Each structure stands twice: as C-alpha cells, then as structure tokens.
Amino acid sequence: MRFAIGDTDFLLDGEPHRVLSGAIHYFRVHPDLWADRIRKAKLMGLNTIETYVAWNAHAPSPDVFDLTGGLDLGRFLDLVAAEGMHAIVRPGPYICAEWTNGGLPYWLFADGSVGVRRNEPGFLAAVQTYLQQLAPVLVPRQIDQGGPIVLVQVENEYGAYGSDPEYLRALEQIHRDIGLTVPFTSVDQPMGTMLEDGSLPSLHKTGSFGSRSAARLERLRQAQPTGPLMCSEFWDGWFDSWGEHHHTTSAADSAADLDVLLAAGGSVNIYMFHGGTNFGFTNGANDKGVYRPIATSYDYDAPLDEAGRPTPKFHAFRAVIERYAPVPPLPASMEPGGSGRLESAGSDRSPRSDRSDAGDLEARVAPATDLAVRLDRVASLRSLLPTLTTWSAHDEPPTFDALGAASGFVLYRAEVDLPAGGVLTIGEEVRDRAIVSVNGTVVGVLEREHHDRAVVLPPVTGTLELLVEDQGRVDYGVRIGEPKGLIGGVAVDGVPLSRWTAAPLALDPIAPSALDALSAVEPTDSEVLAGPTFAAGSFDLDVVDDRYLALDGFRKGVAWVNGFCLGRYWSRGPQQTLAIPGPVLRQGRNELVVLELHASASRTAHLLLEPSLGHTEG
C-alpha cells in the first residue's frame, strides 16, 4: 500500500483518505493494557493511533537503548496494525509532551558542550545515533512495507522555540537516511509566524489547537495553499500541575469544534485520546518565571480516562465522527453506564468479563470492594540508606547530572561546626526542592517554586543534610536541558561550604535490598509517621482490577505497589489519588510501600475502585 499527500487530500493507494487519529503514548500506559486502549480508539471511530517516542525513556544512559517491556514500541505498533489501524509516529527528537526534559536525555547536556534543538554537531550526531537505533522498529513498519505507519513528524512545535531551517533540513535528512519513506509532517500553532518558522516546504504543515477551528484552519491554509488540512494536536483537555486546579473542558464544546474541523474536510489527531500516567519520576515541568511541576496523572480530561473508561467526551466525539465516517457498533460494556472493560482486547488484568456468556464466572467471583491497607512496618530513610545508595566525595555539591542521576532524589551531606548557627544560602537556585536537616532534625524546606534560597540554621556541630528532589525536568522553552541539584554551591553566612558527600537514591525501581529490609521490619502500632520515612504494608486481593491509591493524611512522597513506582503524591493537589494499573496487582498477597517526606497523622492507605472526589479523573 502507499500513503501520499495529494493536492487536497491524503491519498491511500491513490484514493482520498481522511485521517481520524487519537494519541496514546505507549510509555504512559502499562503494556498489558495497550491492546485494550487501541481497541477502544477504534470503537470511537478512529482509524489511526498517534504516539510520540520518548528518547530519554529508551536511552537512560549513552550506552543503553531499551526496547523491552513497556518500551517495546514495535509491539505497540504491531497491536495497532492488528486492529486494522494506521499509525503516526513522532520521534522528535524533542517531544514536549509534559514529559521530563521534553524527551531529551539528560546525559546529552551533562558537560555543557552540546546544543539544544539547534544545528550543532554534537546534538545532531546524538540524534543520528538515536534514529539509527529506532530504524529497525520504524522502517519495516511503514505502510509501503506492509506496516501501519503512514506519517512521521519531524521535531515538534519548533516555531514556538526558534527559526532555523538549516537545523530542520539536517533533521529531515537524518530521518530519510535511516530509510523512512512515508510523508513527513511538522506541527505548530496557527498563530503569528510559528507555522512558517517551524517547518520547511518539504514538510507537510499541520496545526495544533483545541478551539476556533475555522479560524485556525484558515491560517493553516494561508501558510500552506495546497494539500490536506490537518490538526495533528486537537487539544480536547489539558494537563495538571501540582498546586493548580484540575483542568477540564466541556465535552459539548470540544465536540462542536471537532465537528467544524471535520466539516471543513480536515483530518485530525485527538490529543489525547487516552492520556495515561506519569509513572515513576517521568513528569515534566514548566518554567515561565515560576517553576510548575506536572502532576503524576496525565488524564488530560480525555475521551478515555486514566483507567481506560469512556467518558462523556468519548460518546460526544463518537457521535460527531459517525457523521463523517462509519463507526463500529459499541459493545454494551462501552455504552454510557457500562463498565468500560473489553476483555477480548487482550487485557488479562481481571478474571471478570463483560461478555454475555460470562454469567457463571461473575457468580463465582466476589465483587471487588474498596480496601484499607495498614502500613505497619516503618523504617526511616536514614536507616535504609545502605540498601539504596553509595556515597561519593566532592569539593562542592555535584549536580544530579554529574552523579548520573536522571531524576528522583540526591542526598547531600557535609560535616559542620556552627556553634552560633547561621544562614544557609544556595548560590543560584534549588532544583527543585530541598529538605534541610541538622543531625537528623528537619529545620527547613527550600522550594524552587517560591524562589527559596536561604534557611536559618540553629547552632549545630555535626551533620548537615539536604535531601534534594528533582520534581520534573523542564519540558518547554529555554530551560530545557538544565542540570538539577544545588546550583551555585552552598554557603553559610557567605562562607562557602566544601567537602561534601553525595548519594543518589535508587527509587525507580526501588532497590530490591530496600524492599527486603522493609519486609524484615517488625510491625508497630504507632499512628504518626515522621519523615523522611518509609512505611510498608501487605494486602490480599481476590479480584485483580484497576485501583486508585488514596493517601489521606499523608503530605508528600512516592508510592510503590509490588515494586512498581506509581509516582509522586502531594497533598496540595489537585490530584488526590494515584492510579494503579490492574496488571501491577496480583491475586493473593500484594505489597504497598510509601516514602513520606514530611509527616502523616495516619498509617492507613486505601485502595479505591473509583478516584476520590476532588479530582474525578484520577
């Protein structure tokens, strides 16, 4: 088969073809649920699945390129093909996506010599290596070789960042050199000169917008007089940042804008069809004068919610799509009020089934219920340090990047003699949050969001510690690629502190030796947790299904189930529960571990069947 760009339409084997796509990021969805999410996209009437490729997820270090498990992009694309659908792939190299560092590996910029998103030899050489590593996955899966891939996007909204046609030409050539032959696209907002600045005549321009479809398409047509009109990011919702409100958009308004787009003959990629979750420490951040880390949930108020259930937006969009294209019938479980489960899509997450012949099975399996989990085993972070890290010595506090720490936490330690105390200051910036302790007692917190750089120390002779958290690398704008840690050094009353030791913590995944140590801790009855502290508890399940973890009374930290890092929680919201994918759980005994950084008046967590009120989508 052949896919091409005609004078007015996309052409599939020479016939006009409308792309009806939805975004699913394979790296934000448990791989055992990929087939389920793809099938549901088809049921909404879509014929294509779009995904970014997260370079830094595949390349945690320069000598590793991982295409296994949840990073098996080839398997994901094969599942798309198995549904009879096409695929759009956006390998970047920069993707934004509210993903840490916009998808760019932290190690690429560690020595400060490599350019960021520009025509610079070091950057382009690394991109070339990256795309060569992707070639065995992408090239044989193009439509002209019998695969699902019909379009590949070069860069991502570059017109909002810069205007460098030489850089774009170099990127385009690298994509061609690895054997990609399908049409190439670019995407930018139809505002100002972004469409022109972010593309080339050889790249088919597409737009990114979520409203005012008619005006946006008119601007797109002005920038590109011929060829099919396409919104390749039709924003149907938005992402959440910690400390802000939960973003929602009207299903009716979004559906009306989609209708205008399709009535004009446009093609579309709905961003997002299913958002998923920023598991572990993968969330990005924005910094436009104030640093704002992205929440763990990437629900996006999408047609399919974080647990894969259809929302009112799913049905509203489906009703619009069926005016322009045939849509398959919905199974009863996908109708409003249904469970939203599709066991036949390949998900093995639950013994329950929505098939009409499953009555006997339903009768044998007791219904799932909410569950309280007592965290009865407690160990301080300090006591578990030997299982989590090793120390190294430095004259000044090293950055995360210098330590080879992509994300998470680094503990900095110095011995001090300050009989009168003093004012501790960070030279330039805390990136991103530091808990300051003396001899094991917390004396203050420094937050990048508040531009904190100073804290008063009491009289102390002994150990000064700063537990620094990377809350997400900036994914958009000029601060992409910046290092993490205590930037500019540390001083007390203006006198620099030297002779530091530093220790990155092994938390994603959590070190097995730490889990073993926790399992050996004797249960205690005390209710209060004083952090930084680990707390663990066991629970049994008869029915394995998607759950939500509620940590009411806890303040801030990280949670794991059966060693899988669910991500960060924070009482400031808006997110109040953490999504637990069904495949992470198991029938019988399960283990929950929480690292509480501050304090909790409770030692009880709850596994819920529904997200708690206050953040209705997770």
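A short tour of the structure in this document, coming up.

Calculation notes
- Residues numbered from 1 in each chain as written.
- Predicted model: local features only at pLDDT ≥ 70, side-chain atom pairs only at ≥ 80, totals over all residues.
- Heavy atoms only, no water.
- Helix = DSSP H or I, 4+ residues; strand = E, 2+ residues; numbered from the N terminus.
- Rg over C-alpha atoms; globule rule 2.2 N^0.38 Å.
- Buried < 20%, exposed > 50% of the residue type's maximum accessible area, 1.4 Å probe, protein only.
- Pairing = 2+ DSSP bridges.
- Polar contact = N/O pair within 3.5 Å; in protein donor to acceptor, adjacent residues only side chain to side chain.
- Core = buried A, V, L, I, M, F, W, Y, C linked by side-chain atoms within 4.5 Å.
- Contact = heavy atoms within 4.5 Å.
- Expected span 1.5 Å × (residues − 1).
- Axes fitted to C-alpha atoms, helices over the stretch in contact; angles between N-to-C directions.
- Salt bridge = Lys/Arg side-chain N within 4 Å of Asp/Glu carboxyl O.
- Parallel < 35°, antiparallel > 145°, perpendicular 65-115°, else oblique.
- Left-handed = near helix turned anticlockwise from the far one by under 90°.
- Nonpolar A, V, L, I, M, F, W, Y, C, P; charged D, E, K, R; others polar.

1. What to know about the overall build of the chain
Then, number 1: Along the chain, the regular secondary structure elements total 12 helices and 36 strands.
Then, number 2: Against the globule reference of 25 Å for 618 residues, the chain gives a C-alpha radius of gyration of 25 Å, in line with a compact fold.
Then, number 3: Judged by the C-alpha coordinates and their principal axes, the chain covers about 80 × 65 × 40 Å.
Then, number 4: The burial tally for the chain puts 61% of its 618 residues in the buried class.

2. Focus on the pairing of strand β33 (residues 577-580)
Then, number 1: The side-chain alternation of β33 yields two buried faces, one formed by Thr577 and Ala579 and the other by Leu578 and Ile580.
Then, number 2: One ladder, built from four bridges, connects strand β30 (residues 547-550) with β33; its direction is antiparallel. Following the sheet pairing, Ala550 is matched in β33 by Thr577.

3. Concerning the side chain of Lys40
Then, number 1: With respect to the helices, strands and loops of the structure, Lys40 is situated in helix α1 (residues 34-43).
Then, number 2: When its relative accessible area of 0% is taken as the criterion, Lys40 is described as buried.
Then, number 3: Among the polar contacts made by the side chain of Lys40, one reaches the side chain of Asp36 at a distance of 2.9 Å.

4. Overview of the nonpolar core
Then, number 1: Leu46, Leu73, Phe76, Leu77, Leu138 and Tyr271 are the most contacted members of the largest nonpolar core, which has 107 residues in total.
Then, number 2: The next biggest cluster of nonpolar side chains, apart from the first, holds 27 residues, and it includes Val460, Val468, Val490 and Val492.

5. Examining the side chain of Gln189
Then, number 1: Structurally, the position occupied by Gln189 is in the loop between β8 (184-188) and α6 (194-197).
Then, number 2: Contacts of Gln189, omitting those with residues within four sequence positions, involve Glu157, Met194, Leu195, Ser208 and Trp235.

6. Looking at helix α4 (residues 121-138)
Then, number 1: Taking 1.5 Å per residue as the helical rise, α4 with its 18 residues ought to reach 26 Å, and the 24 Å between its terminal C-alpha atoms agrees with that figure.
Then, number 2: Phe123, Leu124, Ala126, Val127, Tyr130, Leu131, Leu134, Ala135, Val137 and Leu138 are the residues of α4 that are buried.
Then, number 3: In this structure, the buried side of α4 is in contact with α2 (55-58), α3 (73-82), β6 (86-90), β7 (149-153) and α5 (165-177).
Then, number 4: Two to three positions downstream of the cap, the backbone nitrogen of Gly122 sits 2.9 Å from a side-chain oxygen, assigning the N-cap of α4 to Glu120.

7. Things to note about the sheet that holds strand β31 (residues 556-561)
Then, number 1: Sheet architecture is open: five strands sit in the order β15-β29-β34-β31-β32, paired in antiparallel fashion. Every interior strand has two partners, whereas the edge strands, β15 (377-380) and β32 (564-570), have only one. With strand direction ignored, the average angle separating the axes of adjacent strands in the sheet is 20°.
Then, number 2: Where strand β29 (residues 533-541) lies against strand β34 (residues 588-596), nine bridges are found, and the strand directions are antiparallel. What sits directly across from Phe534, in β34, is Leu595.
Then, number 3: Packed on one face of the sheet, helix α11 (residues 381-388) meets β15 and β29 and runs near 80° to β15.
Then, number 4: Relative to β15, helix α12 (residues 512-519) is tilted by about 125°, and along the sheet it contacts β15, β29 and β34.

8. Notes on the pattern of salt bridges
Then, number 1: Per the stated rule, a full pass over the model turns up 39 salt bridges.
Then, number 2: Here Glu429 ties to Arg431 by a salt bridge, and the two come within 2.7 Å at their closest N and O atoms.
Then, number 3: Using a relative accessible area of 14% as the deciding quantity, one classes Glu429 as buried.
Then, number 4: The residue Arg431 makes a salt bridge to Glu482 at a minimum N-O spacing of 3.9 Å.

9. Focus: unusual backbone geometry
Then, number 1: A cis amide bond, omega 20°, links Gly92 with the succeeding residue Pro93.
Then, number 2: As for its placement among the helices and strands, Pro93 is situated in the loop between β6 and α4.
Then, number 3: Following Arg431, the chain continues into Asp432 via a peptide bond in cis, with omega recorded as 15°.
Then, number 4: Checked against the element boundaries, Asp432 lands in the loop between β19 (429-431) and β20 (433-438).
Then, number 5: The phi dihedral of Arg117 falls on the positive side, at around 55°, and the residue is not glycine.
Then, number 6: For Arg117, the location among the structural elements is in the loop between β6 and α4.
Then, number 7: A relative accessible area of 2% places Arg117 in the buried class.

10. Description of the packing of α11 against α12
Then, number 1: Here α11 crosses α12 at 135°, and the two axes come no closer than 8 Å. Comparing their axes, α12 and α11 come out oblique. Remark: the crossing between α11 and α12 carries right-handed chirality. For the pair α11 and α12, contact is made by Leu384, Thr387 and Leu388 and by Ser513, Ala514, Ala517 and Leu518, respectively.
Then, number 2: A breakdown of the residues in the contact of α11 with α12 according to their chemical character gives five nonpolar, two polar and no charged.

Function cannot be inferred from these measures alone, as they are strictly geometric.
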